[in-house]
Amino acid sequence: MDDKELFQKILEELVGIRKELKRIADYLEVTAEKSEVETIKVYAFLFVLFYLK
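Keep in mind the model is a prediction, meaning the values are calculated, not measured.

> Report on the overall build of the chain, specifying residues and quantitative values.
Scanning the chain for helices and strands turns up one helix and zero strands. For a compact globule of 53 residues, the expected C-alpha radius of gyration is about 10 Å, and the chain comes in at 23 Å, more than 25% above that figure. Counting only C-alpha atoms, the chain reaches 75 × 10 × 10 Å along its principal axes. Burial analysis of the chain (53 residues in total) assigns 0% to the buried set. Just so you have it, the chain exposes about 5500 Å², and 67% of that area is on carbon and sulfur atoms.

Rendered as structure tokens:
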């Protein structure tokens, strides 16, 4: 394997790693948004609960 083939292989691996990291970041972003919505729902429920008391 010459240097050009090795460089190409490394580049392909880096692109694959970048795509995987992007996928993980997107998943974490969606998870965080869902978590934030759930937190808001809990606070709204507690506010209503104490307001009605």
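Don't stop here, the text continues.
> Requested: an account of the packing of aromatic side chains, with residues and values cited.
Counted according to the given criterion, the structure contains one aromatic pair. Ring centres of Phe47 and Tyr51 lie 5.9 Å apart, and the angle between their planes is 15 degrees; this geometry places the pair in the stacked category. With a gap of four residues between them, Phe47 and Tyr51 both fall in helix α1 (residues 3–52), about one helical turn apart. Considered together, Phe47 and Tyr51 belong to a single accessibility category, that of exposed residues.

> If you had to explain the pattern of salt bridges to someone new, which residues and values would you point to?
In this structure the tally under the stated criterion is three salt bridges. A salt bridge links Lys22 to Asp26; the nearest nitrogen and oxygen atoms lie 3.0 Å apart. Residue Lys22 and its partner Asp26 are located together in helix α1, separated by four residues, close to a single helical turn.

> Which residues make up a nonpolar patch on the surface, and what are the values?
Judged by side-chain polarity, Met1, Leu6, Ile10, Leu14, Ile17, Leu21, Ile24, Tyr27 and Leu28 come together as a nonpolar surface patch covering roughly 930 Å² of accessible area. Tracing the chain through its elements places Leu6 in helix α1.

> Could you give me a rundown of the environment of Asp2, with the residues and numbers involved?
Among the secondary structure elements, Asp2 is positioned in the segment before α1. Classification of Asp2 by relative accessible area gives partly exposed; the value is 43%.

Rules used throughout
All chains use their own residue numbering, which begins from 1 and follows the written sequence. The model is predicted, so local features are restricted to residues of pLDDT at least 70 and side-chain atom pairs to those at 80 or more, both for listing and for counting; the totals for chains, interfaces and linings are taken over all residues. Note: side-chain values were computed over all heavy atoms of the structure, leaving out hydrogens and water. Strands are runs of DSSP state E lasting at least two residues, helices are runs of H or I lasting at least four, and both sets are numbered from the N terminus onward. In this setup the radius of gyration rests on C-alpha atoms only. A globule is expected at 2.2 Å times the number of residues raised to 0.38. Think of it in three bands: with a 1.4 Å probe and only protein chains considered, a residue is buried below 20% of the maximum accessible area for its type, exposed above 50%, and partly exposed in between. Accessible areas in this description were obtained via Shrake-Rupley with a 1.4 Å probe; residue shielding takes into account the shown protein chains only. Centres within 6.5 Å make a pair out of two Phe, Tyr or Trp rings, where for Trp the six-membered ring is used; the pair is then stacked when the planes are under 30 degrees apart, edge-to-face when over 60, and tilted otherwise. Here a salt bridge means any side-chain nitrogen of Lys or Arg lying within 4 Å of a carboxyl oxygen belonging to Asp or Glu. A patch consists of residues exposed above 30% relative accessible area that lack any salt bridge, with like charges linked at up to 9 Å and nonpolar side chains (Val, Leu, Ile, Met, Phe, Trp, Tyr) linked at up to 5 Å.

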